[in-house]
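Listed below, chain by chain, are the residues.
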Amino acid sequence: MIVRSPDPDVVIPDTPFAPYVLRQAERLAGKLALIDGASGRAYTYGEVAAIVRRLAAGLSSRGFRKGDVLALFSPNCPEYPMVFLAAALLGGATTTINPTYTVDELAYQLNDAGARYLVADPVVLEKALEGKRRSRVEEVFVLGQPLSAGGAGGATASGRSGGGGSLLSRWFRRLGANRQSTPTAASACGATPLVALLANNGVLPPVAIDVADDVVALPYSSGTTGLAKGVMLTHRNLVANLCQMEPSGLVTDRDVVIGVLPFYHIYGLTVILAQSLANGATIVSLPRFDLAQFLQTLQERRVTVGFMAPPIMLALAKQPLVDDYDLSHLRIAMSAAAPLAREVEETVARRLGCLVVQGWGLTETSPDVTLSPIDAARLRLGSVGCCIPNSECKVVDVATGAELGPNQQGEIWARGPQIMKGYLNNPAATADMLDGEGWLHTGDIGYFDEDGCLFIVDRLKELIKYKGYQVAPAELEGLLLTHPAVADAAVIPCRDEEAGEVPKAFVALKPGAMADADELMAYVAERVAPYKRIRRLQFVEQVPKSPSGKILRRVLVERERAD
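This report concerns the structure included in the present document.

To continue, consider the overall build of the protein chain. Along its length, the protein chain carries 16 helices and 28 strands. On C-alpha atoms alone, the protein chain measures out to a radius of gyration of 23 Å, which is about the 24 Å that the 2.2 N^0.38 rule sets for 563 residues. Overall, the C-alpha framework of the protein chain stretches about 65 × 60 × 50 Å when taken along its three principal axes. Taking all 563 residues of the protein chain together, the buried fraction comes to 60%. Look at the contacts in the protein chain between residues 6 or more apart in sequence, and 70% of them connect residues 24 or more apart.

Right, here's the structure in full:
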């Protein structure tokens, strides 16, 4: 049974990504588009459009061309989408990188993506410079100073300035540089201030973009198994997903949106940044989640739409601190990136007096495939919603491949214009996930009810979702095996109320070797980003494997859940 949207299909224009996202810039030129929630640094729609063109012209003067890859390595900040859109205007792709990555993880993605330039925040500049030395990156640009629509340096064109420059200054002070000469200091460190790209007239060379084939975003995902792979998302993929979400009324030009979920994640990039800008909303960004700061920002900025993940929803449901703030302006709280318990959904809706909705998708789907109706009368608690327009899904029996009917659980397959082009330089992995008829085999287990509402119940794939972040067991197993005391290892997801899932390792030691759990967990923690750390570890005599040598993680999961 193929399930389609209850809403009619939408027209998807042959428009490149950047012009589509900036389609409101002229009409809303004087309206605030981007605000830094920590410092108050802000940019209007008119300023954003002008800065994007100047950044693009500056990159072009450096030789950045269609088909090149720019890497973006930064926590959330107002400048983040402007850098992305500048590369997109030139027909380039941007690979977004988790700012908590270690140098090893950074270098892997830079090399795999073939990044030519790297834009980094001052707080990760040291790692960025080392990443450059270990990759083919030609130049590192550093954020930190407010950008100006009128040229390089200074505050924004409307006279607003913020604390971004102070971050850069603190960095250079740590290096012993003169805080009054940050551009010179940046050059001395091997980095170029991003503001240097603005010293031009904003005139761009003509670029012919094939919206159906040219890649604009290159986020990394582990897919269903293995190490992270570059997901090739075209201009058509992202524009299609924006068009598919627009009829819902999730975000309008009357909304103020909180941007606390990471922009490097496809949820932050498409659903928060691109959707909000394309629809004329104001985005208030925060570099990280801190509950008190988050609540204060919701109150002070009169936020109307909150995009969240289950750990934030859990805090809103349980933390007493929430009662100290006026959140009455919040009309919608949307949860995605991981399953949300029905009980949490109900509690948040009741406590905040707002509509709580869910969505579902993958990096490989740009990301949205289903979305709850923005209508309390049509909501189905516990569901991640219905197919969005121009999309279709089906549930397939894992063993036989047969299509299943309502309320029958199986693997969910999805098809639509938002489905990725494929994995970068990995046709085998692409073929494993995307079949010849355009169906993406998502690895998620669920069912549709009689009304076409989707319920996610489990995952066929082996990925662990820690607070919405993807953790590949194979990566952690590989690191454990480099420890001299470890003979074999397997890593599985272990249920956790706060995080959703945490990585748990089963380790077999070499005969006569000695090591304790804390030692091995610390060993891995030194080599990965914080969200990938192994949180629990159990010693076993032998790791269960199939005759072909594949780790039987499902056996371990079943044992774990039976205990």
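There is more to say after this.
Next up on the list: the layout of surface pockets. Approximately 1200 Å³ is the volume attributed to the largest pocket. Along the wall of the largest pocket there are 46 residues; nearest its centre are Pro339, Asp458, Arg459, Glu501 and Arg561. Looking at the lining of the largest pocket residue by residue, the class counts come to 21 nonpolar, 8 polar and 17 charged.

Turning to the sheet that holds strand S23 (residues 454-459), a few remarks are in order. In spatial order, the strands read S1-S19-S20-S22-S23; together these 5 strands make up an open sheet with antiparallel pairing. Each end of this open sheet is capped by a strand with a single partner; those strands are strand S1 (2-4) and S23. Between one strand axis and the next, the sheet turns through 45° on average, direction left out of account. With 3 bridges joining them, S1 and strand S19 (residues 392-396) adopt antiparallel strand pairing. Across the sheet, residue Arg4 finds its bridge partner in S19, namely Glu392.

Within the structure shown, the criterion is met by 9 aromatic pairs. Their ring planes at 75° and their centres at 5.8 Å tell us that Phe17 and Phe84 sit as a pair that is edge-to-face. One end of the pair, Phe17, is in helix H1 (residues 17-21); the other, Phe84, is in helix H3 (residues 80-89), and 67 residues separate them in sequence. An identical accessibility class is assigned to Phe17 and Phe84; each is buried. Each residue in the set Phe64, Tyr117 and Phe141 is aromatic and connected to the rest through ring pairs, giving one cluster. One residue, Lys229, lies across the ring of Tyr423, its end atom 5.2 Å from the ring centre.

Time to look at helix H10 (residues 291-300). Within the span of H10, buried status applies to Leu291, Phe294, Leu295, Thr297 and Leu298. Looking down the long axis of H10, one finds its buried residues gathered within 160° of arc, a one-sided arrangement. Of the surrounding elements, those touching the buried residues of H10 are strand S12 (256-259), strand S13 (282-285), strand S14 (305-308) and helix H11 (310-318). Where H10 terminates, the next one or two residues include Arg302, which has phi positive at roughly 50°.

Pairing is mixed across the open sheet formed by 9 strands, whose spatial order is S3-S2-S13-S12-S14-S15-S16-S17-S18. Taken across any chain shown, the strands that pair with only one partner, and hence form the sheet edges, are strand S3 (42-44) and strand S18 (386-387). Examined bridge by bridge, S12 and S13 share 4 bridges and lie parallel to one another. Each residue of the ladder has a partner; that of Val257, found in S13, is Ile283.

By the definition in use, this model includes 4 cavities of 30 Å³ or more. Of the volumes computed, that of the largest cavity is approximately 60 Å³. Every residue lining the largest cavity is listed: Phe17, Val21, Pro81, Phe84, Leu85, Leu269, Leu273, Ala274 and Leu277. Broken down by secondary-structure element, the contributors of at least two residues to the lining of the largest cavity are H1, H3 and helix H9 (266-278). Sorting elements by how many residues they give to the lining of the largest cavity places H9 first, with 4 residues. Its residues placed into classes, the lining of the largest cavity shows 9 nonpolar, no polar and no charged.

A word on the nonpolar core. Grouped burial of nonpolar side chains is what soluble globular proteins tend to show. The biggest cluster of nonpolar side chains holds 131 residues, and the ones touching the most others in it are Phe17, Leu55, Phe294 and Phe307. Ignoring any residue separated from it by four or fewer positions in sequence, one finds Phe307 in contact with Leu250, Val251, Val257, Ile258, Val260, Leu261, Tyr267, Val271, Ile272, Gln275 and Met334. One finds Ala128, Leu424, Leu480 and Ala529 within the second-largest nonpolar core, a separate group that totals 51 residues.

Attention now goes to the pairing of S14. Neither face of S14 is open: one carries Val305 and Phe307, the other Gly306 and Met308, and all of them are buried. For S12 and S14, the ladder comprises 2 bridges, and the chain directions are parallel. Bridging from a neighbouring strand, Ile258 pairs with Gly306 of S14. Here S14 pairs with strand S15 (residues 332-335) via 4 bridges, running parallel. For Val305, the partnering residue across the bridge sits in S15 and is Ile332. In this fold, S14 hands off to H11, which returns the chain to S15; that crossover is right-handed.

All right, on to the packing of helix H8 (residues 235-245) against H9 then. At a closest axis distance of 10 Å, the pairing of H8 and H9 adopts a crossing angle of 75°. Considered as vectors, H8 and H9 are oriented roughly perpendicular to each other. In this structure, H8 uses Leu238, Asn241, Leu242 and Met245 to contact H9, whose residues at the interface are Thr270, Val271, Ala274, Gln275 and Ala278. The residue makeup of the contact of H8 with H9, split by class, is 6 nonpolar, 3 polar and no charged.

The buried fraction of strand S2 (residues 32-36) is high, at 4 of 5 residues. Relative to S3, S2 runs antiparallel, the two being bridged by 3 bridges. Bridging from a neighbouring strand, Ile35 pairs with Ala42 of S3. Taking the residues between adjacent antiparallel strands as the criterion, S2 and S3 are bridged by 5 residues, where Gly40 takes a positive phi near 90°.

With respect to the element layout, Leu479 can be found in helix H14 (residues 473-480). According to the relative accessible area criterion, Leu479 is buried, its value standing at 18%. Through-space distance from the C-alpha of Leu479 to that of Ala489 is 9.5 Å; in sequence the pair is 10 residues apart. Contacts of Leu479, omitting those with residues within four sequence positions, involve Tyr523, Val524, Arg527 and Val528.

What counts, and at which threshold
- Residues numbered from 1 in each chain as written.
- Predicted model: local features only at pLDDT ≥ 70, side-chain atom pairs only at ≥ 80, totals over all residues.
- Heavy atoms only, no water.
- Helix = DSSP H or I, 4+ residues; strand = E, 2+ residues; numbered from the N terminus.
- Rg over C-alpha atoms; globule rule 2.2 N^0.38 Å.
- Buried < 20%, exposed > 50% of the residue type's maximum accessible area, 1.4 Å probe, protein only.
- Contact = heavy atoms within 4.5 Å.
- 1 Å grid on protein atoms, 1.4 Å probe; cavity = no way out; pocket = protein on both sides within 12 Å on 5 of 7 lines; lining within 4 Å.
- Points joined across faces, edges and corners; volume = space filled by probe spheres on them.
- Nonpolar A, V, L, I, M, F, W, Y, C, P; charged D, E, K, R; others polar.
- Pairing = 2+ DSSP bridges.
- Axes fitted to C-alpha atoms, helices over the stretch in contact; angles between N-to-C directions.
- Phe/Tyr/Trp six-rings, centres within 6.5 Å; stacked < 30°, edge-to-face > 60°.
- Lys NZ or Arg CZ within 6 Å of the ring centre and 35° of its normal.
- Arc of directions from axis to C-beta.
- Core = buried A, V, L, I, M, F, W, Y, C linked by side-chain atoms within 4.5 Å.
- Right-handed = clockwise from strand over helix to strand, strands pointing away.
- Parallel < 35°, antiparallel > 145°, perpendicular 65-115°, else oblique.

These values are about where atoms sit, not about what they do.
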